[in-house]
Amino acid sequence: MAIAIKSIPVLKDKAAVHFTTKIAENSAKKSSIDFSKQSSVASKILAKAKL
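Residues numbered from 1 in each chain as written. Predicted model: local features only at pLDDT ≥ 70, side-chain atom pairs only at ≥ 80, totals over all residues. Heavy atoms only, no water.

What is the right way to look at the overall build of the protein chain in this model?
Assigned secondary structure in the protein chain consists of two helices and zero strands. Its C-alpha atoms give the protein chain a radius of gyration of 24 Å, clearly above 10 Å, the size a compact globule of 51 residues would have. Once the C-alpha set of the protein chain is aligned to its principal axes, its extents read approximately 60 × 40 × 5 Å. Taking all 51 residues of the protein chain together, the buried fraction comes to 0%. Working note: accessible area of the protein chain is about 5,500 Å², and carbon and sulfur atoms make up 65% of it. (Helix = DSSP H or I, 4+ residues; strand = E, 2+ residues; numbered from the N terminus. Rg over C-alpha atoms; globule rule 2.2 N^0.38 Å. Buried < 20%, exposed > 50% of the residue type's maximum accessible area, 1.4 Å probe, protein only. Areas by Shrake-Rupley, 256 points an atom, 1.4 Å probe, with all protein chains shown as cover.)

This is how it looks when you write it as structure tokens:
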């Protein structure tokens, strides 16, 4: 027995515009995480363990 292929929903009109504007807003808010503090702590631990 074959499984029917489902169609992919497509955004139209206002929904599509709203979706693309939200993508642009969220992309602008994106920031990176600074792991320098954690990295320095880890290197101190490894230095103390002589690894």
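I tried to follow the pattern of salt bridges on my own but got confused; where do I start?
Any two side chains of opposite charge can pair, given that their charged atoms come close. Per the counting criterion, the structure on display carries one salt bridge. We note a salt bridge from Glu 25 to Lys 22, for which the minimum N-O separation is 3.8 Å. Separated by three residues within a single helix, Glu 25 and Lys 22 lie in helix α1 (residues 13–29), roughly one turn from each other. Residue classification places Glu 25 among the partly exposed positions, given a relative accessible area of 40%. (Salt bridge = Lys/Arg side-chain N within 4 Å of Asp/Glu carboxyl O.)

Shape descriptors only; they carry no functional weight alone.
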